[in-house]
Amino acid sequence: MKIDWDRRTCSRKGHVTYAPDDPRLRVRLHATTALGDVWRCLRCGDFVLGEPHGSGPAADAPLVPRGKVLRDLFILRFLAVERAVRGVFIVLVAVAVWKFSNSQDAVRRLFNEYLDVLRPVFRHFHYDLDHSPVVGSIQKAFGYRHSTLLLVAALLLAYALVELVEAVGLWYAKRWAEYLTVVATAAFLPLEIYELTEHISWLKIATLVLNILAVLYIALAKRLFGLRGGRRKFDEERHSASLLEVEESAGVMPA
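A brief look at the structure comes next. Every value quoted in this text rests on a predicted model; they were computed, and no experiment measured them.

1. Topic: the overall build of the protein
Then, in step 1: In terms of helices and strands, the protein carries 10 helices and five strands.
Then, in step 2: Put simply, the protein has 255 residues, and 33% of those count as buried.
Then, in step 3: For the protein, long-range pairs separated by at least 24 residues make up 67% of all intrachain contacts whose partners lie at least 6 apart in sequence.
Then, in step 4: Carbon and sulfur atoms provide 66% of the accessible area of the protein, an area that totals close to 15900 Å².

And the structure:
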């Protein structure tokens, strides 16, 4: 089923109407009914009862996102939420690493005590904790120096900050955020591919695919780095979506 992004947005945010000074456009956007004057919504094209939300020269009409632009905005905000969730998770990991660095010996003793308790239980299910990759990784972390763990925590916080900045910028559809997202995401793709060569998991595969699709979609749809005509074509596409410009290009004179 095809989604009508214009009416979907108007149903949530309300219609946007405008009364242009140009009589050629005014007559196309206005009508009189038994209930009163109606004005055509700049987003969905439906006629709305009541006074227009604004008036003036056609050039000053609000540039209302419509059609494909609304769909792109929905996808950008989905990516923004994903970046925000990831950023918060990385912050929590960084805090955990920092706390671990300050109480490394106590955590090691507590871990070994729990390991001694759980070892017979897992042995009953024919699983050897002493040769578990997860347990081995945790025990290896106990050998890291305090300064190394602090450096890891700082790097994680820096990475989380980039993710959160991306999330805010993508939510508000900022072009600089789109560039930042493409560059930052593409920079980590080789690392994600390398991790797959070490250990394959469905989560890693899904993350890699999502990041590749995000890079390709944003770069192509937003015409970044000069692709598909670059910024000039992108601005032309945005302005051509204005209903007022569509009506003006029709050149219909009032009766």
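2. Side note on the side chain of threonine 9
Then, in step 1: With respect to the helices and strands, threonine 9 occurs in helix H1 (residues 5–13).
Then, in step 2: Take threonine 9: its relative accessible area is 4%, and that puts it in the buried class.
Then, in step 3: When residues no more than four places from it in sequence are discounted, the contact partners of threonine 9 are Gly14, Arg43 and Leu70.

3. Considerations on the side chain of threonine 181
Then, in step 1: Within the fold, threonine 181 resides in helix H7 (residues 175–198).
Then, in step 2: A residue is classified by how much of its surface remains accessible, and threonine 181, at 1% relative accessible area, is buried.
Then, in step 3: Discounting residues that sit within four places of it in the chain, threonine 181 has contacts with Arg83, Glu166, Leu170 and Ile218.

4. Observations concerning the pattern of salt bridges
Then, in step 1: Using the criterion set out here, one finds 10 salt bridges in the structure.
Then, in step 2: Between aspartate 22 and arginine 24 there is a salt bridge, and its shortest N-O distance comes to 2.9 Å.
Then, in step 3: Judged by its relative accessible area of 23%, arginine 24 falls in the partly exposed class.
Then, in step 4: A single network of salt bridges, built from pairs that share partners, joins Glu82, Arg83, Arg86, Glu163 and Glu166.

5. Focus: the packing of helix H6 (residues 146–171) against H7
Then, in step 1: Where H6 meets H7, the axes come as close as 8 Å, and the angle between the chain directions of the two elements is 140 degrees. Our pair here, H6 against H7, has a crossing hand that is left-handed. Contacts from Tyr159, Val162, Val165, Glu166, Gly169 and Leu170 of H6 reach H7 at Trp176, Ala177, Glu178, Leu180, Thr181, Ala184, Thr185 and Phe188.
Then, in step 2: The residue makeup of the contact of H6 with H7, split by class, is nine nonpolar, three polar and two charged.

6. Details of the packing of aromatic side chains
Then, in step 1: In the structure shown here, the tally under the stated rule is two aromatic pairs.
Then, in step 2: Between the aromatic rings of tyrosine 159 and phenylalanine 188, the centroid separation amounts to 4.8 Å while the plane-to-plane angle is 45 degrees, which identifies the pairing as tilted. Residue tyrosine 159 is located in helix H6, and its partner phenylalanine 188 is located in helix H7; the two are separated by 29 residues in the primary sequence.
Then, in step 3: According to the relative accessible area criterion, tyrosine 159 is partly exposed, its value standing at 22%.

7. Thoughts on unusual backbone geometry
Then, in step 1: Look at alanine 173: it is not a glycine, yet its phi comes out positive at around 55 degrees.
Then, in step 2: Among the secondary structure elements, alanine 173 is positioned in the loop between H6 and H7.
Then, in step 3: Even without being glycine, arginine 223 reaches a positive phi, approximately 55 degrees.
Then, in step 4: By the secondary structure assignment, arginine 223 is in the loop between helix H8 (202–221) and helix H9 (230–240).

8. A closer look at the packing of H1 against helix H3 (residues 68–102)
Then, in step 1: The geometry of H1 relative to H3 is characterised by a closest axis approach of 9 Å and an angle of 65 degrees between their N-to-C directions. Judged by the angle between their axes, H1 and H3 are roughly perpendicular. Here Trp5, Asp6, Arg8, Thr9 and Lys13 of H1 lie close against H3, whose contacting residues are Leu70, Arg71, Phe74 and Arg77.
Then, in step 2: Split by residue class, the contact of H1 with H3 holds three nonpolar, one polar and five charged.

9. Quick word on H1
For an α-helix, the turn length of 3.6 residues means that residues three or four places apart are oriented alike.
Then, in step 1: Every buried residue of H1 is accounted for by Trp5, Asp6, Thr9 and Cys10. Taken down its axis, H1 places every buried residue within 130 degrees of arc, on the same side. Turned more than 90 degrees away from the buried face of H1 sit Ser11 and Arg12, all of them exposed.
Then, in step 2: Against H3 lie the buried residues of H1.
Then, in step 3: Of the residues one or two after H1, glycine 14 is the one with positive phi, at around 95 degrees.

10. A look at the sheet that holds strand E4 (residues 47–49)
Sheets are built from strands paired through backbone hydrogen bonds, the pairs being either parallel or antiparallel.
Then, in step 1: Reading across from one edge, E2-E3-E4 is the order of the three strands in this open sheet, with antiparallel pairing throughout. Of all strands in the sheet, those with a lone pairing partner are strand E2 (30–33) and E4, marking the two edges. Between one strand axis and the next, the sheet turns through 35 degrees on average, direction left out of account.
Then, in step 2: Pairing analysis gives four bridges linking E2 to strand E3 (residues 36–40), with the strands arranged antiparallel. In the sheet register, alanine 31 faces E3, and the bridge partner there is valine 38.

Scoring rules and cut-offs
- Residues numbered from 1 in each chain as written.
- Predicted model: local features only at pLDDT ≥ 70, side-chain atom pairs only at ≥ 80, totals over all residues.
- Heavy atoms only, no water.
- Helix = DSSP H or I, 4+ residues; strand = E, 2+ residues; numbered from the N terminus.
- Buried < 20%, exposed > 50% of the residue type's maximum accessible area, 1.4 Å probe, protein only.
- Contact = heavy atoms within 4.5 Å.
- Areas by Shrake-Rupley, 256 points an atom, 1.4 Å probe, with all protein chains shown as cover.
- Salt bridge = Lys/Arg side-chain N within 4 Å of Asp/Glu carboxyl O.
- Axes fitted to C-alpha atoms, helices over the stretch in contact; angles between N-to-C directions.
- Left-handed = near helix turned anticlockwise from the far one by under 90°.
- Nonpolar A, V, L, I, M, F, W, Y, C, P; charged D, E, K, R; others polar.
- Phe/Tyr/Trp six-rings, centres within 6.5 Å; stacked < 30°, edge-to-face > 60°.
- Parallel < 35°, antiparallel > 145°, perpendicular 65-115°, else oblique.
- Arc of directions from axis to C-beta.
- Pairing = 2+ DSSP bridges.

Such coordinate-based values are descriptive only and should not be taken to indicate function.
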